[in-house]
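Close look at the chain arrangement
The lines below spell out each chain.
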Amino acid sequence: MSSENSSADDVRQVWDVVVVGAGPAGASAAYAAAVAGRRVLLLEKAELPRYKTCGGGIIGPSRDSLPPGFDLPLRDRVHAVTFTHNGRFARTRRSRHTLFGLVNRPEFDQALVEHAQKAGAELRTGVTVQRVEQHGSAVPDRRCVALVLQGGETVLARAVVGADGSASRIGAHVGVKLGQVDLGLEAEIPVPETVAEDWKGQVLIDWGPMPGSYGWVFPKGDTLTVGVISARGEGAATKRYLEEFIGRLGLAGFEPSISSGHLTRCRADDSPLSRGRVLVCGDAAGLLEPWTREGISFALRSGRLAGEWAVRIAEAHDAVDTRRQALNYAFAVKAGLGVEMSVGKRLLTAFERRPGLFHAVLTGFRPAWKAFMDITRGTTTLAEIVRTHPMAHRALSALDRRQAPAGEQPTS
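Described in the following lines is the structure provided in the data block.

Conventions we followed
- Residues numbered from 1 in each chain as written.
- Predicted model: local features only at pLDDT ≥ 70, side-chain atom pairs only at ≥ 80, totals over all residues.
- Heavy atoms only, no water.
- Salt bridge = Lys/Arg side-chain N within 4 Å of Asp/Glu carboxyl O.
- Helix = DSSP H or I, 4+ residues; strand = E, 2+ residues; numbered from the N terminus.
- Buried < 20%, exposed > 50% of the residue type's maximum accessible area, 1.4 Å probe, protein only.
- Phe/Tyr/Trp six-rings, centres within 6.5 Å; stacked < 30°, edge-to-face > 60°.
- Polar contact = N/O pair within 3.5 Å; in protein donor to acceptor, adjacent residues only side chain to side chain.

1. Examining the pattern of salt bridges
Counted by the stated rule, this structure contains 15 salt bridges. Arg301 serves as the salt-bridge partner of Glu340, at 3.0 Å between the closest nitrogen and oxygen. One end of the pair, Glu340, is in helix α8 (residues 319-353); the other, Arg301, is in helix α7 (residues 296-315), with 39 residues separating them in the sequence. Each member of the pair, Glu340 as well as Arg301, carries the same accessibility label: buried. It is possible to trace a salt-bridge network through shared partners that takes in Arg50, Arg105 and Asp109.

Quick look at the structure:
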């Protein structure tokens, strides 16, 4: 176990905020709480830097949610996107301006953690939280939460933020409920300089053969990140899709440096975001965009909110005030990210049934391409487009009506 700026005397101290998980959500939460002047401990079970299955796309909302002075460790800037439908009907759309950036997650996550440390957060790695207690002998008073670590050590906090990923132990304590689970498979493929040059500045998005599936190629210097995602339960078909996808790209002859898989989990609409003095954010809360399964911007945004409200919960003197602050956090998440997720869920349902239509519209209808550019750059969101553009609203409502079971009225 490694530790920074800690000593044996700290074992029974009460931290203002303890954050569990040092990914983008956790690092953002730790930064937000630390920059407010609170005593913050960031716990991470792995040693950093560590690999994470993720395309590593940094869209506008992610960039805009980074802490001040953060230097993005970009590996490439994307100016062109080639869309295919199960390997066919290729169409490339280009932009004069950067659409989004690409990062390697180990570098990106490490830089976010270091930023939180500079703000005053303390990091401990190689630490696994076994359970959370808000009552009982391990809790000295009602304003405390006890985190019992593997090995028996107990860490005390006035507020806890769970950011420990899609298989979150803190999420289980809160009672997070999931409405959508997908399997992502990914390969990091080192390629010769000539191949890397061909991919520089452009990505490929392939609408896949299974309902709701798609694949991607993201260039990062001398390595291509190639991945696919589909609904859980289609494991063999998803693996076959990745193999065929790599073969179609002419990359089957290159040995991946890393092959990995990961389950992404999307919250149910009535899933809680808190329990007592414990909040959840990012993947631990099931916060991601259901159609694209984009999670970095959701992690950064919800993490910052969780850190800010954890500070308020740490200051709460009774259960009523604690509950009020937790409800305010939930409202802030649902009013922003929740609305985006709702639109994304509707789009996923439509995409599952009509991927060819999505491909045709995105590649052949200029307003759709402009919307894609605006979303990736962060000048608007899916929800904002549907709310403010009558054509987009009518189109999505028409798709809803086509898909709604007989006798059931779709939401608008």
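2. Focus: the packing of aromatic side chains
A full pass over the atoms with the stated rule returns 14 aromatic pairs. Seen in terms of ring centroids, Phe83 and Trp369 are 6.2 Å apart; in terms of plane orientation they differ by 85°. Their pairing is edge-to-face. With Phe83 in strand β5 (residues 80-85) and Trp369 in helix α10 (residues 366-377), the pair connects residues that are 286 residues apart, well separated along the chain. Taking relative accessible area as the criterion, Trp369 reaches 1% and is therefore assigned buried.

3. Notes on the environment of Arg50
Position of Arg50 relative to the elements: it lies in the loop between β2 (40-44) and β3 (57-58). For the pair formed by Arg50 and Arg105, sequence separation is 55 residues and the distance between their alpha carbons is 8.1 Å. A polar contact is formed between the side chain of Arg50 and the side chain of Asp109, at a distance of 2.7 Å.

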